[in-house]
Amino acid sequence: MTGNSSPLPTLPSGLYVTATPIGNLKDMTFRAVETLQAADIILCEDSRVSARLCRAYDIKAPLKAYHDHNGDQMRPQVMQWLEDGKVIALISDAGTPLISDPGYKLVRDVQAAGLPVFTVPGASALTAALSIAGVPTDKFLFGGFLPAKQDARRKALESVQDLTATLVFYETGPRLAASLQAIEQIWPGREAVIARELSKLHEEVRSGPALALAEEIDAKGPPKGEIVLILHPVAPQQWTPEQAQSLLQDLLQTNSVKDAAAQAAKQTGLPRKELYQLALDLKSKAEMK
Ligand code: SAM
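These lines cover the structure that appears in this document, whether it is placed above or below. This is a predicted model, so every value here is computed, not measured.

**Overview of the sheet that holds strand β7 (residues 166-172)**
And step 1. Pairing within the open sheet is mixed, and its five strands lie in the order β6-β7-β10-β8-β9. Every other strand in the sheet has two partners, leaving β6 (140-145) and β9 (204-209) as the edge strands with one partner each. When strand polarity is set aside, the average angle formed by the axes of neighbouring strands in this sheet is 20 degrees.
And step 2. Inspection of the sheet shows strand β8 (residues 191-196) paired to strand β10 (residues 226-231) by five bridges, in the antiparallel sense. Residue pairing in the sheet places Ile194 in a bridge with Leu229 of β10.
And step 3. Set on the sheet, helix α7 (residues 173-186) makes contact with β6, β7, β8 and β10; between it and β7 the angle comes to about 145 degrees.

**Some thoughts on the site of the ligand**
And step 1. Surrounding the ligand, one finds 19 residues, the nearest of these being Ile99, Asp101, Ser124, Ala125 and Ile227.
And step 2. Contacts to the ligand include Leu198, whose backbone N or O atom sits 2.9 Å from a nitrogen atom.
And step 3. Side-chain polar atom of Glu226 to a nitrogen atom of the ligand: 3.3 Å apart, as the coordinates give it.
And step 4. Look at the ligand: alone it shows 570 Å² of surface, and the protein chains cover 90% of it.
And step 5. Residue assignment for the shell around the ligand shows that the elements contributing at least two residues are β7 and β10.
And step 6. Ranked by the residues each element gives to the shell around the ligand, the list is headed by β10, at three residues.

**A closer look at the sheet that holds strand β4 (residues 87-90)**
And step 1. The strand order across the open sheet built from five strands is β3-β2-β4-β1-β5, with neighbouring strands paired in parallel fashion. What marks the edges here is a single partner per strand, and that holds for β3 (63-65) and β5 (117-120). On average, adjacent strands in this sheet sit at an angle of 25 degrees to one another, irrespective of strand direction.
And step 2. Along the sheet, helix α2 (residues 47-56) contacts β2 (41-44) and β3; its crossing angle with β3, the most-contacted strand, is approximately 155 degrees.
And step 3. Where helix α3 (residues 71-83) meets the sheet, its contacts fall on β1 (14-18), β2, β3 and β4, and the angle it forms with β2 comes to roughly 155 degrees.

What counts as what
Residues numbered from 1 in each chain as written. Predicted model: local features only at pLDDT ≥ 70, side-chain atom pairs only at ≥ 80, totals over all residues. Heavy atoms only, no water. Pairing = 2+ DSSP bridges. Helix = DSSP H or I, 4+ residues; strand = E, 2+ residues; numbered from the N terminus. Axes fitted to C-alpha atoms, helices over the stretch in contact; angles between N-to-C directions. Contact = heavy atoms within 4.5 Å. Near = heavy atom within 4 Å. Polar contact = N/O pair within 3.5 Å; in protein donor to acceptor, adjacent residues only side chain to side chain. Areas by Shrake-Rupley, 256 points an atom, 1.4 Å probe, with all protein chains shown as cover.

Structure, rendered in structure tokens:
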């Protein structure tokens, strides 16, 4: 695979945050190829990984390491290059930089210095997985990697326990079964999707209750390759009239009728006007006793 033979575009100086494929080398955009070919320097996580991409697309710019361990030392150097008018591209090993990958502090500092930051968008495992998981995507939370240790993982999941939206996590094969078990503990019966090896030869999407998926892994062994774990949204609690009444009674102990109705409306999603009327009735009944 090589780039096209037309002359390279001249790019204005700036930091170009450039997405690269998440597996299939052909998922490189024309603009990403042009940007990397025109860059003076490419910042990457692991030069051995990025060298393969550069060879495939005839990209000659020097690769310099930028990762969590050398970011603090590298940033002043990168700022100097930008002040000197250079075109600097930032890539990660795969996908979109900054999405569970290094780069946020660099983007922040470049912007704070009033220098330009451009996006060259493309593949990300996050959006690729969501696009074929068969789950609602109008509202989702991306939780990055779940912690490896059991306690920390439980706490991370508990921190989003009340969210009804679709949840997305990056995962690894060896930790997947334990994460699914922890999910079952917190949300019994919750449906999950394992999106694996996206855009690669063994791309696979498996769906089912978290517990069933965990049991399957226990029986067959951990899945190989790269994984995105998605949890279906949960239906918000349906409040019965009795439950709403009992909530209002509690709220009326310490709130005015207006505030109790407002809080109950927020909590239950039921119409505030109806709750206000119910709260008024409850209050006058209580006063008649
Ligand atoms: N910045 C990248 C992106 O935009 O997707 C993600 C980097 S993160 C360090 C790497 C994780 O992304 C993997 O451990 C896996 O959870 C997920 N991932 C990356 N490529 C994937 C693929 N082809 N299929 C499934 N998951 C993938």
